[in-house]
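Each chain is listed here by its residues.
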Amino acid sequence: MRGMPLKKRLKLLLELQTCDNQITGILRKKAEAPLRVKGLRGDLEEIDRQNKEAQDKLEAIKKERRGFESEVQELVGRIEKSSIKLSNVKSNKEYAAALKEIEDLKAMQFSLEDKILKYMEDTENLEKDLQSRKKKRQEAAAEAEKMTIAVQEEMKELDRQLEALRQQRPHLLESVEKSLLKTYSLLMERKGGQAVAAVVRGVCQACHIGLPPQDFNNLLKGDAILTCPHCNRLIYWGEDQEFQAETKGDNGMLE
Ligand SMILES: [Zn+2]
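Everything numeric in this text was worked out from a predicted model, so none of it was measured. (Residues numbered from 1 in each chain as written. Predicted model: local features only at pLDDT ≥ 70, side-chain atom pairs only at ≥ 80, totals over all residues.)

S.K.: Outline the environment of Glu-153, listing residues and values.
M.R.: Looking at the element boundaries, Glu-153 is found in helix α2 (residues 92–175). Put simply, Glu-153 and Leu-187 are 34 residues apart on the chain and 34 Å apart in space, counted from C-alpha to C-alpha. (Helix = DSSP H or I, 4+ residues; strand = E, 2+ residues; numbered from the N terminus.)

S.K.: Give a description of the confidence of the model for the chain that names residues and reports values.
M.R.: With 96% of its residues at a pLDDT of 70 or more, the chain shows a mean pLDDT of 93. When pLDDT is averaged over each helix and strand of the chain, the minimum, 76, is found for helix α5 (residues 241–247) and the maximum, 97, for strand β2 (residues 203–204). (pLDDT = per-residue confidence, 0-100.)

S.K.: Residue-level account of the environment of Glu-94, with values.
M.R.: Following the sequence through the fold, Glu-94 ends up in helix α2. Residues Glu-94 and Ala-150, 56 residues apart in the sequence, show an inter-C-alpha distance of 82 Å.

S.K.: If you had to explain unusual backbone geometry to someone new, which residues and values would you point to?
M.R.: The backbone of Arg-201 sits at a positive phi, close to 50°, despite the residue not being glycine. Its place among the elements puts Arg-201 in the loop between β1 (196–200) and β2. Look at His-208: it is not a glycine, yet its phi comes out positive at around 60°. Within the fold, His-208 resides in the loop between β2 and α4 (213–221). Of the residues examined, His-208 has 10 C-beta atoms within 10 Å and is grouped as exposed. (Buried ≥ 20, exposed ≤ 12 C-beta atoms within 10 Å, placed from the backbone.)

S.K.: Break down the sheet that holds strand β4 (residues 234–237) for me, citing the residues and quoting the values.
M.R.: The strand order across the open sheet formed by 4 strands is β2-β1-β4-β3, and the pairing between neighbours is mixed. With one partner strand each, in any of the chains shown, β2 and β3 (226–227) form the two edges of the open sheet. Here 4 bridges tie β1 to β4, and the two strands are oriented parallel to one another. From the neighbouring strand, Ala-197 faces β4, where its bridge partner is Ile-235. (Pairing = 2+ DSSP bridges.)

S.K.: I'd love a proper account of the pairing of β1, names of residues and values included.
M.R.: Of all the 5 residues making up β1, 4 are buried; the element is thus mostly covered by neighbouring parts of the structure. Counted along the chain from β1 to the antiparallel partner β2, the turn is 2 residues long, and its residue Arg-201 has a positive phi close to 50°.

S.K.: Please give an account of the nonpolar core that cites residues and values.
M.R.: Of all hydrophobic cores here, the largest spans 22 residues; its most connected members are Leu-13, Val-196, Ala-197, Leu-234, Ile-235 and Tyr-236. If you list the elements that add at least two residues to this core, you get α1 (6–87), α3 (178–190), β1 and β4. The greatest single-element share of this core, amounting to 6 residues, is contributed by α1. (Core = buried A, V, L, I, M, F, W, Y, C linked by C-beta atoms within 7 Å.)

S.K.: Describe the environment of Lys-52, listing the residues and the values that go with them.
M.R.: Inspection of the secondary structure puts Lys-52 in helix α1. Assessed through the 10 C-beta atoms surrounding it within 10 Å, Lys-52 is described here as exposed. Once the C-alpha coordinates of Lys-52 and Leu-130 are considered, the two residues, 78 residues apart in sequence, prove to be 9.4 Å apart.

Set out below in structure tokens:
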């Protein structure tokens with residue numbers, strides 16, 4: 001393998017880096033996708049909580065209204081009794097007192113009836129509100145369901161891609177020479193998953209520091225696989241037309 005042309009060796013190394021980057025990307029997506037469903041499920045729970053609150057409020061108002069209604073009934077009974085009393089009074093004083101009693105009871109009745117009217121209006125509004133809440137809940141549930149299915153499909157597709165890459169990877173590992181592979185693995189561990197970097201206009205695209213002219217000249221000569229003197233990553237000349245042509249189509253170039 002040592003006899004292999006430098007550009008071919010670099011190309012295989014880049015393919016390995018691309019494969020590993022894709023695996024990392026897929027694993028990240030696989031971790032993130034279920035969170036979208038989880039978020040929607042959380043929204044749904046919040047809607048349920050609010051709807052329950054609205055439902056409870058409606059029930060409370062209805063209950064209170066029934067209480068007022070029975071109070072009115074009771075008042076009507078008392079007014080009837082007082083009216084009978086009124087027709088049986090013997091003196092003016094008694095008459096005035098009975099009349100006053102009826103007036104007071106009627107005032108209480110009217111005040112309660114006003115409250116009942118207000119509560120009827122409130123009930124109607126709350127019922128309308130609750131209906132629109134239930135509709136929104138249905139829509140949110142449908143959305144969550146749709147998202148769940150979409151994420152399940154996405155996960156299946158990601159698994160397919162992952163499986164293909166995992167099958168490809170051993171072949172790439174075999175094709176890269178052992179010593180280079182060791183450097184690559186160490187760099188992958190220590191350099192945040194980027195072991196190989198392009199040098200463009202004399203600047204390493206990983207650490208963004210310019211190469212000293214001598215190193216850059218050596219890189220252009222292409223006698224050996226070099227490392228960036230600043231970040232130690234394995235480097236290749238990113239503007240090499242010939243190399244680009246060779247790696248084109250297999251997505252071997254790094255960003
Ligand atoms: Zn660098």
